[in-house]
Amino acid sequence: MSARDMAVRVASRHVQALYWAAPDRHYQATREEIASGVLCCPRDGKSLVSVSYKREQGRSVRLLACPKCLFLVKPDQVLR
């Protein structure tokens, strides 16, 4: 078994939340997150909540935020 295969196997056991999947800060939701509809913070595993970030052209810009560590991500940057 190659070192890469072992790393993938070990990581797959421990990935319980969003993980970095593509350039420009795009994240992939895990199977559990997709099934439950609840996204979790990749840093500490807490559920992300929708928050209003700012207003642009009369509309609120929404973000997903971790209430514990303040990890922020735009909802359109989460691949499902």
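Use the structure listed above.
The following refers to the structure shown. (Residues numbered from 1 in each chain as written. Predicted model: local features only at pLDDT ≥ 70, side-chain atom pairs only at ≥ 80, totals over all residues. Heavy atoms only, no water.)

For the structure on display, the rule yields one aromatic pair. When the centroid spacing of 5.6 Å and the interplanar angle of 90° are considered together, the rings of Y27 and F71 count as edge-to-face. Pair noted here: Y27 is in strand β2 (residues 26-28) and F71 is in the loop between β4 (59-65) and β5 (72-73), with a separation of 44 residues, a long-range link. Just as Y27 is buried, F71 falls in that class too. (Phe/Tyr/Trp six-rings, centres within 6.5 Å; stacked < 30°, edge-to-face > 60°. Helix = DSSP H or I, 4+ residues; strand = E, 2+ residues; numbered from the N terminus. Buried < 20%, exposed > 50% of the residue type's maximum accessible area, 1.4 Å probe, protein only.)

Before going further, it helps to spend a moment on unusual backbone geometry. Positive phi values are uncommon outside glycine, yet Q57 reaches one of about 55°. Position of Q57 relative to the elements: it lies in the loop between β3 (49-56) and β4.

Next up on the list: the sheet that holds β4. Strand pairing in a sheet takes place through backbone hydrogen bonds and is either antiparallel or parallel in direction. Read from one edge to the other, the open sheet built from three strands follows the order β3-β4-β5, with strand pairing classed as antiparallel. This sheet does not close on itself; its edge strands, each paired only once, are β3 and β5. Pairing between β4 and β5: two bridges, direction antiparallel. When the sheet's bridge partners are listed, L64 is paired in β5 with V73. (Pairing = 2+ DSSP bridges.)

All told, the structure shown has one salt bridge when counted by the stated rule. In this structure, E56 engages K54 in a salt bridge whose closest nitrogen and oxygen atoms are separated by 3.1 Å. On the basis of relative accessibility, which here comes to 43%, the residue E56 falls in the partly exposed class. A residue is classified by how much of its surface remains accessible, and K54, at 36% relative accessible area, is partly exposed. (Salt bridge = Lys/Arg side-chain N within 4 Å of Asp/Glu carboxyl O.)

Let us look at the state of the cysteines. Here a disulfide denotes a covalent bond joining the sulfur atom of one cysteine to the sulfur atom of another. Following the criterion strictly, the structure yields zero disulfides and no others. For C66, which is in no disulfide, the shortest distance to another cysteine sulfur is to C69 and amounts to 3.7 Å. For C69, which is in no disulfide, the shortest distance to another cysteine sulfur is to C41 and amounts to 3.5 Å. Of the residues examined, C69 reaches a relative accessible area of 26% and is grouped as partly exposed. (Disulfide = S-S within 2.5 Å.)

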